[in-house]
Structure formats: structure tokens, C-alpha cells
Amino acid sequence: MSPAMADDDEGYRRGPVTNLPLPRYVSLKATKANVRRGPSLTHRIDWIFKRRNMPLVVTAEHGHWRRVQDIDGAGGWVHYSLLSGSRTVIVTADMLPLNMRAEPDTPMVAQLELGVVAQLQKCGEDWCRISAGGYKGWVRKGNIWGVGAEEIRD
């Protein structure tokens, strides 16, 4: 176990700084974020995230730094002030039906293109309610990235 993780009494990994679960999803609050090799300003910048509200997964914590990954597995260390607990997801299927209800044969509100970033509202076992571009509706959980397969949100 790395120093950036600790287990709680129930065996869940918890961040040593925030005591929040690891891994966990967050979003990019800034319009631009330097992604560094290590958890300090002295570490080299490997690349820059440039998509505000992009969902990321936090995999480790060290002081004011969070190790994050994007949908493609790219990542590194980002200062915590650039991240938000506001949850977003990325659509992983092209022309994804946004349904009126969490059922397959309900009216479609809109279709979402591959790569659309949407606000995550709630999730059941198989469906999540999201909003994007002024539209709100339900999508199958397997067609979005930024929410755990077992995660339920009310």
C-alpha cells in the first residue's frame, strides 16, 4: 500500500488527506490545468488538461495534490484547487439516446454525440439521469464514463 492510501475499518481505500474514498470521481473546475509528474510545483509539467468540467478519477492524494486520470487513462498530479466535487460524465456512445425515463422504450428527449460532457444528477443500478445542452433525461450507465458501475446516487 502506497503512502497515498489508507484502509478504513470496512476495507475501503481512503485518502490520507481528505479521508474520502479512493478512487473517486471529480471534475475539472478550471479551463486549464497543468498535469505534473509528481505532487509539487517543482515537478515537470507533462501536459495540460484544457476541458472545463471534464470528469476525472482521483487515485491518490498528497498534501494539496491529487493524482488524477482521464477517460483515456492519461493523468498525473493536479493541484486540488483546480478540481471540483461537482460530478460530470462523458458520453462514450455516439448518438446516445437521452430517454424521458429510465426505461429502454420511453420517448427520446435528445441524442448525445460521442464525447459530450454532461452533468451527473442521479443513478440507479443501470440508468443515470444527466443534463447536457439544456436537455435532461436518462441514459444507460454503461454508455457514460465518470460514474462507478456499482454507484447509486439519489
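Before going into details, it helps to say that this report is about the structure given with it. Everything quoted here is computed from the prediction, not taken from an experiment.

**Some remarks on the packing of aromatic side chains**
Under the counting rule described, the total for this entry stands at 1 aromatic pair. Centre to centre, the rings of Tyr25 and Trp145 are 5.4 Å apart; their planes meet at 85°, and the pair counts as edge-to-face. Of this pair, Tyr25 sits in strand β3 (residues 24-28) while Trp145 sits in strand β16 (residues 144-145); the two residues are 120 residues apart in sequence, bridging distant segments of the chain. The exposure class of Trp145 is buried, given its relative accessible area of 19%.

**Focus: the nonpolar core**
The biggest cluster of nonpolar side chains holds 15 residues, and the ones touching the most others in it are Leu112, Leu120, Cys128, Ile130 and Ile144. For this core, the elements supplying multiple residues, two or more each, are β10 (88-91), β11 (96-99), β12 (108-112), β13 (117-123) and β14 (127-132). Leave out the neighbours within four places in its chain, and Leu112 touches Val91, Ala93, Asp94, Met95, Leu96, Leu98, Ile130 and Ala132. Core analysis: the second largest hydrophobic core is formed by 13 residues, Val26, Val35, Met54 and Ile90 among them.

**Description of the environment of Ala74**
Position of Ala74 among the secondary structure elements: in the loop between β7 (65-69) and β8 (75-79). We classify Ala74 as partly exposed; its relative accessible area is 25%. Separated by 54 residues in the primary sequence, Ala74 and Leu20 have C-alpha atoms spaced 22 Å apart.

**Section: unusual backbone geometry**
In this structure, Pro23 follows Leu22 across a cis peptide bond, with omega equal to -5°. Even without being a glycine, Asn19 presents a positive backbone phi close to 65°. Along the chain, Asn19 turns up in the loop between β2 (13-14) and β3.

Rules used throughout
The numbering scheme is per chain: residues are counted from 1 as the chain's sequence reads. Where totals are concerned, whole chains, interfaces and linings use all residues; where local detail is concerned, this predicted model gives features only for residues with pLDDT of at least 70, and gives and counts side-chain atom pairs only at 80 or more. Each side-chain value is derived from all of the structure's non-hydrogen atoms; neither hydrogens nor water enter the calculation. For Phe, Tyr and Trp, rings pair up if their centres lie within 6.5 Å, where Trp contributes its six-membered ring, and each pair is then called stacked (planes under 30 degrees apart), edge-to-face (over 60) or tilted (otherwise). By the criteria applied, helices consist of DSSP H or I runs no shorter than four residues and strands consist of E runs no shorter than two, each listed in order from the N terminus. Summary of the burial criterion: residues with accessible area below 20% of their type's maximum are buried, those above 50% are exposed, and those between are partly exposed, where the area comes from a 1.4 Å probe applied to protein chains only. Remark: nonpolar core denotes a set of buried residues (Ala, Val, Leu, Ile, Met, Phe, Trp, Tyr, Cys) joined through side-chain atoms within 4.5 Å. Here a residue-residue contact requires only that any non-hydrogen atoms of the pair lie within 4.5 Å.

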